[in-house]
Amino acid sequence: MAGDPHRSLPERLFAVDRVEHSIAVRVLLGLPLPLLLIPLGFLAGVPHPAIMWFVASMTVFLSGWVGGFLSGATATGVAAVIVHQSLLPLHEDHGWLGSAEMFEFLAFIAAGLIVSLLHGQLRATVRKLDRRRIEARDQARQLEQTRTELEEARARLELALDSAQIGVWSRELQTGRVHWDARVTAMLGVPADVIASGRFSEFWHAHILPEDAARLAGIERMAEGQPRHDIVRLRLDDGRLRTIQMTSLLRRHDGVPVELVGTSRDITSDLEAQQQLHLALSRLEIARDATNIGFWRWELATGRVDWDRRVLTWFELAHIPREALTYDHWRSRLHPEDEARVLQTIWAACEDGEPRLVVYRLQLPSGEERHIKSSGVVERDAAGQPIAMIG
């Protein structure tokens, strides 16, 4: 800490790590400077009292500045003794200082102790300020780090919302003010003048279908902390019908509802894709009924077999739960005379990966013998190893 380049000279002199010394060390800090008075008195012979007191005062001041009260008090005592001994030759007749010099002696000691005390208090104050400055600097660094982390988290959130095409909105319950981000305005085709004026609430009520608006009435009375999910439809200005999936959350302050916040996602394309898939599956089901075709899948590693309802009926296995069906159930229905030929065809398909067509007979518990024409292809993993057969 003492080597911190950002600290001023007074901060370095009064630095915390420079004053947390033992009492003995602080006392010793008051010795060096007063001892300089000895060669001064020796060289000057009988020095002038004013010069000696001035130099002594400077040693006390500097000692107190460097070491605080204990160093200053030590320097005061040592300097007073040295000056006293240096001025004795002026009073050889009685071996002691005159009244004026004695007053100066006592005044010097008192002033030295007062100055040392003030230095000690000053140093204590500076130490407190130094600690507070360090704490404030550390807090500023933590705040800056937190701000940076928040900005990074917000950037990641924005990227995730953009990727998922999810918009964010809010509505203040007291003022009715609505805020939509750019993703919401884009998915709803909000005109520029509405965006500029912020008339989002008017746009919403003008375009939402009445029956969906009725379902949202009283949404502000929803339970706190419990998200609400709604699907609403809006008729846009160009006549298109958009379906929006909403998630809402109520925010309270002192128990009073203050704001609704949530997300919106345009699921129109998803619903259209689901409808197309449902239509395709319906057509496929009709075609299967017309051609009497069933589908199956056999997992080679586990032996589990998945059959549709037609195959289950053909094999007279509809009474067994589908998740419990295995390869052994299929093989138990296979006619003994066809078993070797069918199994050889299956293993050949697993080896070369070519589709296979095989005709075999079923020997059913009811005594009925049924003929099956089955085609299948091998499903492989990323390493090219066979994992299942589908047919």
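Since this is a predicted model, take the numbers as computed values, not measurements.

In this section: the overall build of the protein chain. Of the regular secondary structure elements, the protein chain holds 16 helices and 10 strands. Taking as baseline every contact in the protein chain between residues at least 6 positions apart, the subset at least 24 positions apart corresponds to 49%. A total of about 23,700 Å² of accessible surface is found on the protein chain, and carbon and sulfur atoms cover 60% of it.

A few words now on the side chain of threonine 243. Position of threonine 243 among the secondary structure elements: in strand β4 (residues 241–253). We classify threonine 243 as buried; its relative accessible area is 10%. Sequence-distant contacts of threonine 243, defined by excluding residues within four places in its chain, comprise Ile231, Val232, Arg233, Arg265, Asp266, Ile267, Thr268 and Leu271.

Now for the confidence of the model for the protein chain. For the protein chain, the average pLDDT comes to 75, and 68% of its residues sit at 70 or higher. pLDDT under 50 marks residues 8–20. Its contacts with residues more than four places away, or in other chains, come to 32 contacts.

Turning to the packing of aromatic side chains, a few remarks are in order. Between two aromatic rings, the relevant description is the distance of the centres plus the angle of the planes. On inspection of all chains with the given rule, the structure shows eight aromatic pairs. For the ring pair tryptophan 298 and tyrosine 327, a centre distance of 4.8 Å and an interplane angle of 10° mean the geometry is stacked. One end of the pair, tryptophan 298, is in strand β6 (residues 296–299); the other, tyrosine 327, is in helix α15 (residues 327–333), with 29 residues separating them in the sequence. Its relative accessible area of 9% is what places tryptophan 298 among the buried residues. Where tyrosine 327 meets tryptophan 330, the ring centres are 5.6 Å apart and the plane angle is 40°; that geometry is what we call tilted. One end of the pair, tyrosine 327, and the other, tryptophan 330, are both in helix α15, three residues apart, so they sit about a helical turn from each other. In this pair, the class of tyrosine 327 matches that of tryptophan 330, namely buried. Grouping aromatic residues by their ring pairs yields a cluster made of Trp298, Tyr327, Trp330, Trp347 and Tyr360.

Next up on the list: the sheet that holds β6. Read from one edge of the open sheet, five strands run β7-β6-β10-β9-β8, paired in antiparallel fashion. Each edge of the open sheet is held by one strand with a lone partner, namely β7 (305–307) and β8 (356–363). For this sheet, the mean inter-axis angle between neighbouring strands, taken without regard to orientation, is 25°. Of the strand pairs in this sheet, β6 and strand β10 (residues 386–390) are connected by three bridges, and their pairing is antiparallel. Among the inter-strand pairings, glutamate 299 is bridged to a residue of β10, identified as alanine 388.

Moving on: the side chain of aspartate 230. Within the element layout of this structure, aspartate 230 appears in strand β3 (residues 228–235). A distance of 2.8 Å separates the side chain of aspartate 230 from the side chain of arginine 228, its partner in a polar contact. Those residues in contact with aspartate 230 that lie beyond four places of it in its chain are Arg215, Leu216, Ile219, Ile244, Gln245 and Met246.

Right, let's get into unusual backbone geometry. Despite not being glycine, glutamine 165 shows a phi value in the positive range, around 55°. Assignment of secondary structure puts glutamine 165 in the loop between α8 (99–164) and β1 (166–172). Exposure remark for glutamine 165: the relative accessible area of 58% places this residue in the exposed category. Backbone geometry at glutamate 316 places phi at a positive 55°, although glycine is not the residue there. For glutamate 316, a relative accessible area of 23% corresponds to the partly exposed category.

The rules behind these values
Residues numbered from 1 in each chain as written. Predicted model: local features only at pLDDT ≥ 70, side-chain atom pairs only at ≥ 80, totals over all residues. Heavy atoms only, no water. Helix = DSSP H or I, 4+ residues; strand = E, 2+ residues; numbered from the N terminus. Contact = heavy atoms within 4.5 Å. Areas by Shrake-Rupley, 256 points an atom, 1.4 Å probe, with all protein chains shown as cover. Buried < 20%, exposed > 50% of the residue type's maximum accessible area, 1.4 Å probe, protein only. pLDDT = per-residue confidence, 0-100. Phe/Tyr/Trp six-rings, centres within 6.5 Å; stacked < 30°, edge-to-face > 60°. Pairing = 2+ DSSP bridges. Axes fitted to C-alpha atoms, helices over the stretch in contact; angles between N-to-C directions. Polar contact = N/O pair within 3.5 Å; in protein donor to acceptor, adjacent residues only side chain to side chain.

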